[in-house]
Amino acid sequence: MLQLTAENYYSLEADQEYMSYSQYKEFRDCEARAMAKVWGGWEEPPSQALLVGGYIHAYFDGTLKNFMVEHPEIFRKDGNLKAEYKVADKMIDTILKDEMCMAALEGEKEKIIVFEFGGCMWKMKTDVLNLEKRRIVDMKNISELGEKVWNNEKRYYELWLEAYGYIGQMALYQKGVQIAYNILVEPIILAVTKQDPPNKALIYFDDDRLNWELSQIIFHLPRVLAVKNGQEKPRRCEMCKYCRETKKLREVMHYSELYQYM
Ligand SMILES: [Zn+2]
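In this report, the structure presented in the accompanying data block is examined.

What counts as what
- Residues numbered from 1 in each chain as written.
- Predicted model: local features only at pLDDT ≥ 70, side-chain atom pairs only at ≥ 80, totals over all residues.
- Heavy atoms only, no water.
- Patch = residues over 30% accessible without salt bridge, like charges linked within 9 Å, V, L, I, M, F, W, Y side chains within 5 Å.
- Areas by Shrake-Rupley, 256 points an atom, 1.4 Å probe, with all protein chains shown as cover.
- Salt bridge = Lys/Arg side-chain N within 4 Å of Asp/Glu carboxyl O.
- Helix = DSSP H or I, 4+ residues; strand = E, 2+ residues; numbered from the N terminus.
- Buried < 20%, exposed > 50% of the residue type's maximum accessible area, 1.4 Å probe, protein only.
- Pairing = 2+ DSSP bridges.
- Axes fitted to C-alpha atoms, helices over the stretch in contact; angles between N-to-C directions.
- Contact = heavy atoms within 4.5 Å.
- Parallel < 35°, antiparallel > 145°, perpendicular 65-115°, else oblique.
- Core = buried A, V, L, I, M, F, W, Y, C linked by side-chain atoms within 4.5 Å.
- Donors = N, O, S within 2.8 Å, 3.2 Å for Na, K, Ca; no water.
- Tetrahedral: all angles 85-135°; square planar, octahedral: opposite > 155°, others 65-115°.
- Lys, Arg positive; Asp, Glu negative; His and termini not counted.
- Charge placed at Lys NZ, Arg CZ, Asp CG, Glu CD.
- Phe/Tyr/Trp six-rings, centres within 6.5 Å; stacked < 30°, edge-to-face > 60°.
- Lys NZ or Arg CZ within 6 Å of the ring centre and 35° of its normal.
- Polar contact = N/O pair within 3.5 Å; in protein donor to acceptor, adjacent residues only side chain to side chain.

### Overview of a nonpolar patch on the surface
Together, Met239, Met253, Tyr255, Leu258 and Tyr261 give the surface a local cluster of nonpolar side chains, amounting to about 530 Å² of exposed area. Examined against the element boundaries, Tyr255 turns out to sit in the segment after helix 11 (241-245). Given the relative accessible area of 61%, Tyr255 is considered exposed.

In structure tokens, the structure reads:
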């Protein structure tokens, strides 16, 4: 199997050989889009929010200079940082000034871990791995601690943690570390908000919820792997950018069907 490094971790080859939590989430979101990304070379330009997250991460793992060279789009024409990254600087400052945040960030940064689980090889990269203190910490940047996201399928608002699948990610990462190191770590999320001044929180999860999240992954994984390996035909969500781009009309719809898009 491909030996993973910081350089090839996000490569197509790595995604083809390994499952990752973000790839799993892609498949759960839209199988057609996930397949187009893994095997078809279809790319989605990184969102501004993702880049801001990358900027903050780069600061804390000491690679901000490289990040700035690789992403000239974060600067305005006059050479100053764009407004979003000035906000990001404030978010970084907020973390730097808080003793508990800084203590939480102690440990090995951006550690690549591979492990076998549920019938496939996984790759994961945790922001902070601290085996001595038995914890992993992942940083998340959000608009506010109470950020709510509309779930169109379930027809209700969810907390950002649930909407973005972060609790499932924490459950999987805890399992991954346990398989790779035989150590049970506590997964913690360090959330920082884009408010002025930024808010912050260190968040932990109860075992019942983590176990439930893991059981969901075990339940859905066989279908995800069957699609990824070409044994099952990928389903289209008909909602995402990829599905819009590749949509071919085959019928006329009743006007009331538009409610599913609301
Ligand atoms: Zn789709």
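Having seen the structure, we can now continue with the description.
### Here's the deal with the sheet that holds strand 3 (residues 135-142)
Strand order in this open sheet of five strands is 1-2-3-6-7, and the pairing throughout is mixed. The open sheet terminates on both sides in strands that have one partner only, identified here as strand 1 (108-117) and strand 7 (200-203). Adjacent strand axes in the sheet meet at a mean angle of 35 degrees when their direction is disregarded. Each of strand 3, strand 6 (186-193) and strand 7 touches helix 6 (residues 83-96); the most contacted strand, strand 6, lies at about 130 degrees to it.

### Here's the deal with the packing of helix 9 (residues 166-181) against helix 10 (residues 207-228)
Running from N to C, helix 9 and helix 10 cross one another at 90 degrees; their axes reach a closest spacing of 8 Å. Classified by the angle their axes make, helix 9 and helix 10 are roughly perpendicular. Residues Ile167, Gly168, Met170, Ala171, Leu172, Gln174 and Lys175 of helix 9 form the contact with helix 10, whose participating residues are Arg209, Leu210, Glu213, Leu214 and Ile217.

### Comments concerning the nonpolar core
Core analysis: the largest hydrophobic core is formed by 38 residues, its most contacted members being Trp122 and Ile189. Setting aside its immediate chain neighbours within four residues, Trp122 contacts Tyr18, Met19, Ser20, Tyr21, Tyr24, Ile113, Val114, Phe115, Phe117, Leu172, Ile217 and Leu221. Judged by nonpolar contacts, the second largest core, of 24 residues, contains Ile56, Cys101, Ile188 and Val192.

### Here's the deal with the coordination of the zinc ion
At this site the zinc ion is bound by Cys30 (SG), Cys237 (SG), Cys240 (SG) and Cys243 (SG), with donor distances of 2.3 to 2.4 Å. Each of the four donor atoms around the zinc ion contributes to a set of angles spanning 103 to 116 degrees, which defines the coordination as tetrahedral. Counting the intervening residues between successive donors of the zinc ion yields the motif C-x206-C-x2-C-x2-C. With Cys30 in the loop between helix 2 (21-29) and helix 3 (31-38) and Cys237 in the loop between helix 10 and helix 11, the pair connects residues that are 207 residues apart, well separated along the chain.

### Topic: a negative patch on the surface
A contiguous patch of negative charge on the surface is contributed by Glu186, Asp206, Asp207 and Asp208. Owing to a relative accessible area of 54%, Asp207 belongs among the exposed residues under this scheme.

### Things to note about the packing of aromatic side chains
Applying the stated rule across the entire model yields eleven aromatic pairs. Seen from their ring centres, Phe115 and Trp122 are 6.3 Å apart, and the 5 degrees between their planes marks the pair as stacked. Side by side, Phe115 and Trp122 carry an identical accessibility label, which is buried. Just above the ring of Tyr9 sits the side chain of Lys125; from NZ or CZ to the centre is 4.9 Å. In this structure, Lys140 packs its charged tip against the face of Tyr166, placed 4.0 Å from the ring centre.

### Topic: the environment of Arg76
By secondary structure assignment, the location of Arg76 is in the loop between helix 5 (64-70) and helix 6. What makes Arg76 partly exposed here is its relative accessible area of 39%. Residues Arg76 and Trp212 lie 136 residues apart in sequence; the distance between their C-alpha atoms is 45 Å. Discounting chain neighbours no more than four positions away, the residues touching Arg76 are Leu81 and Lys82. A polar contact of 2.7 Å, which involves the side chain of Arg76, links it to the side chain of Asp78.

### Some remarks on the pattern of salt bridges
Across all of its chains, the model carries 18 salt bridges by this definition. When the shortest N-O distance is used, the salt bridge between Glu110 and Lys125 registers 3.8 Å. Pair noted here: Glu110 is in strand 1 and Lys125 is in strand 2 (residues 120-130), with a separation of 15 residues, a long-range link. With a relative accessible area of 14%, Lys125 lands in the buried category. When salt bridges with common partners are traced through the structure, they connect Glu26, Asp29, Arg33, Lys37 and Glu44 into a single cluster.

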